[in-house]
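The chain contents come next:
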Amino acid sequence: MKFNWKIVCTGFAAAILLTACGTDNAEQKEGANPDNAEQVVDETNGSVTDGTSTDSDSKSGSESEGVEEPTDKMAGAVLTESDEQSYAIEVLPGYTLTSEEPGRDSLYAEENSNAFMRIETQPAEDGSYEYLLENMQEVLKAASNGGEPEELTDVYSDVADKGIDNVKAFKVDTETGPVTGVVFEKDGMVVRLTLFDTPEENYKEDFLNMGQTIQ
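Here's what I pulled together on the structure shown here. Just so it is clear, the structure is predicted and the values come from calculations on it, not from any experiment.

About the thresholds
Residues numbered from 1 in each chain as written. Predicted model: local features only at pLDDT ≥ 70, side-chain atom pairs only at ≥ 80, totals over all residues. Heavy atoms only, no water. Helix = DSSP H or I, 4+ residues; strand = E, 2+ residues; numbered from the N terminus. Contact = heavy atoms within 4.5 Å. Areas by Shrake-Rupley, 256 points an atom, 1.4 Å probe, with all protein chains shown as cover. Pairing = 2+ DSSP bridges. Axes fitted to C-alpha atoms, helices over the stretch in contact; angles between N-to-C directions. 1 Å grid on protein atoms, 1.4 Å probe; cavity = no way out; pocket = protein on both sides within 12 Å on 5 of 7 lines; lining within 4 Å. Points joined across faces, edges and corners; volume = space filled by probe spheres on them. Nonpolar A, V, L, I, M, F, W, Y, C, P; charged D, E, K, R; others polar. Phe/Tyr/Trp six-rings, centres within 6.5 Å; stacked < 30°, edge-to-face > 60°. Buried < 20%, exposed > 50% of the residue type's maximum accessible area, 1.4 Å probe, protein only. Salt bridge = Lys/Arg side-chain N within 4 Å of Asp/Glu carboxyl O.

**A closer look at the overall build of the chain**
1) Next: From N to C terminus, the chain includes four helices and eleven strands.
2) Next: In the chain, of all internal contacts separated by at least 6 residues, the share reaching a separation of at least 24 is 43%.
3) Next: On the chain, roughly 14100 Å² of surface is accessible, and the fraction owed to carbon and sulfur atoms is 48%.

**Considerations on unusual backbone geometry**
1) Next: For Tyr156, which is not glycine, the phi torsion reads 55° and is therefore positive.
2) Next: With respect to the helices, strands and loops of the structure, Tyr156 is situated in the loop between strand 8 (150-152) and strand 9 (165-173).
3) Next: Even without being a glycine, Asn166 presents a positive backbone phi close to 50°.
4) Next: Locating Asn166 in the fold gives a position in strand 9.

**Quick notes on the sheet that holds strand 6 (residues 104-109)**
1) Next: Reading across from one edge, 5-6-7-11-10-9-8 is the order of the seven strands in this open sheet, with antiparallel pairing throughout. At either end of the open sheet lies a strand with only one pairing partner, and these are strand 5 (95-101) and strand 8. Strand-to-strand twist across the sheet, computed as the mean angle between neighbouring axes with direction ignored, equals 25°.
2) Next: Where strand 6 meets strand 7 (residues 112-123), five bridges bridge the pair, whose relative direction is antiparallel. The residue bridging Tyr108 from the neighbouring strand is Phe116, located in strand 7.
3) Next: Contacts from helix 4 (residues 204-211) reach strand 5, strand 6, strand 7, strand 8, strand 10 (178-186) and strand 11 (189-196) within the one sheet, and its direction differs from that of strand 11 by about 170°.

**Focus: the layout of surface pockets**
1) Next: Here the largest pocket defines a volume of roughly 200 Å³.
2) Next: Along its surface, the largest pocket is lined by Asp154, Val155, Tyr156, Ser157, Asp158, Val159, Lys162, Lys204, Leu208 and Gln212.
3) Next: Its residues assigned to classes, the lining of the largest pocket comprises four nonpolar, two polar and four charged.

**Concerning the packing of aromatic side chains**
When we look at a pair of aromatic rings, we describe it by the centre distance and by the angle of the planes.
1) Next: All told, the structure shown has five aromatic pairs when counted by the stated rule.
2) Next: Geometrically, the ring pair formed by Tyr156 and Phe184 is edge-to-face, given 5.6 Å between the ring centres and 85° between the ring planes. Within this pair, whereas Tyr156 is found in the loop between strand 8 and strand 9, its partner Phe184 is found in strand 10, the two being separated by 28 residues in sequence. One exposure class covers both Tyr156 and Phe184, and it is buried.
3) Next: Ring centres 6.3 Å apart and planes at 35° place the aromatic pair Tyr203 and Phe207 in the tilted group.
4) Next: Here Tyr203 falls in the buried class, since its relative accessible area comes to 8%.
5) Next: Taken together, the ring pairs in this structure connect Tyr95, Tyr203 and Phe207 into an aromatic cluster.

**Description of the pattern of salt bridges**
1) Next: Applying the stated rule across the entire model yields eight salt bridges.
2) Next: Here Arg118 and Glu100 are joined by a salt bridge, their closest N and O atoms 3.8 Å apart. With Arg118 in strand 7 and Glu100 in strand 5, the pair connects residues that are 18 residues apart, well separated along the chain.
3) Next: Here Arg104 ties to Glu120 by a salt bridge, and the two come within 3.6 Å at their closest N and O atoms. Of the two residues, Arg104 is situated in strand 6 and Glu120 in strand 7; the sequence distance between them amounts to 16 residues.
4) Next: In this structure, a network of salt bridges that share partners links the residues Arg104, Glu120 and Arg192.

**Describing the side chain of Glu120**
1) Next: When its relative accessible area of 10% is taken as the criterion, Glu120 is described as buried.
2) Next: Not counting residues within four places of it along the chain, the set of residues in contact with Glu120 comprises Gln85, Gly103, Arg104, Val190, Val191, Arg192 and Thr194.

Distances and angles like these do not, on their own, reveal function.
If you want it as structure tokens, here you go:
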């Protein structure tokens, strides 16, 4: 029987052609897969994202949620006028302002009347600041049975924006707790604060926060 070489050659050519087509299709699919895996189409506007922005947004969002807002230390305070002196002060809940005598008020803690802040004001005239400062140190020495008052540099050290100037503060320790004296000028007044606190100084921060609101 005579072998038909023409048919054999035609068969080999067809096989080679089919193999080449299959290889091209596979390469095209492999080339398309990475894009599909890494990119996400936004159906709302047709834009393409890489799929990582969602994690970044959520991470930055959680970080911002973790930041605490600064608290208002004078929340709930009520502006209260002195009965005997020409000033007003913001009084926090739990404290009461009362007049001892002309030129002298007391702001005391309702839960502990032994913790209080004495408030004295004078017009900012010649000699009034020096007098209150010198007298304050004498009062502190007497309260501590002759102890030398310690000067404090961290009292009202950052309140220039509140109109407080020429701040001087001193402190002594007594048997019942520390006594702190503060003198400063504000709104045409010389103000002297004398804080009688507990040994743990539970009320010092509130007293000083209220004292700086005098106007």
